[in-house]
Amino acid sequence: MNPYMILGAEAPDSLPRRRASRPAHLERLNALRDEGRLLLAGPLPAIDSPDPGPAGFTGSLVVARFASLEDAQAWAEADPYVTAGVFKSVDVRPFLRVLP
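The structure displayed is predicted, hence computed values, not measured ones.

Draft legend 1. Fine view of the environment of Leu 61. If you trace the backbone, Leu 61 turns up in strand E3 (residues 57–66). Put simply, Leu 61 and Gly 42 are 19 residues apart on the chain and 5.6 Å apart in space, counted from C-alpha to C-alpha. Excluding its chain neighbours within four sequence positions, the residues that come into contact with Leu 61 are Met 5, Ile 6, Leu 7, Leu 40, Ala 41 and Gly 42.

The structure is reproduced here in structure tokens:
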């Protein structure tokens, strides 16, 4: 399995949809973690703060191992943040881990 970067770009006014779909989104990430495939994941705050409050987020980043680019794309397209309209777009690319 190879690592892939999944970068979701936030849709306008999506904070309520993000909050509502977060448990299902985290469930999928925890499944990747439990399978040993998740390298890192997290949101991109709109301001320099661990809790951006109403400023919200500009997107999210996931780096995980998948069998192929197609599998990574399929996983990303099925994510609750995508299906709930939290993300206006998702970019999936191969990732080469150099450090650490």
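Draft legend 2. Expanded view of the nonpolar core. Tyr 4, Ile 6, Leu 29, Leu 32, Val 62, Ala 64, Phe 66, Ala 72, Trp 75, Ala 76 and Val 92 together form the largest nonpolar core, which totals eleven residues. Broken down by secondary-structure element, the contributors of at least two residues to this core are strand E1 (2–10), helix H1 (15–34), E3 and helix H2 (69–77). With near-sequence residues (within four places) excluded, Trp 75 lies in contact with Ile 6, Arg 28, Leu 29, Leu 32 and Phe 66.

Draft legend 3. Region of interest: unusual backbone geometry. Backbone torsion omega between Leu 99 and Pro 100 reads -15 degrees, so that peptide bond is classified as cis. With respect to the helices and strands, the residue Pro 100 is situated in the segment after strand E4 (87–94). Even without glycine at this site, Asp 13 takes up a positive phi of about 55 degrees. Tracing the sequence through the fold places Asp 13 in the loop between E1 and H1.

Thresholds applied
Residues numbered from 1 in each chain as written. Predicted model: local features only at pLDDT ≥ 70, side-chain atom pairs only at ≥ 80, totals over all residues. Heavy atoms only, no water. Helix = DSSP H or I, 4+ residues; strand = E, 2+ residues; numbered from the N terminus. Contact = heavy atoms within 4.5 Å. Core = buried A, V, L, I, M, F, W, Y, C linked by side-chain atoms within 4.5 Å. Buried < 20%, exposed > 50% of the residue type's maximum accessible area, 1.4 Å probe, protein only.

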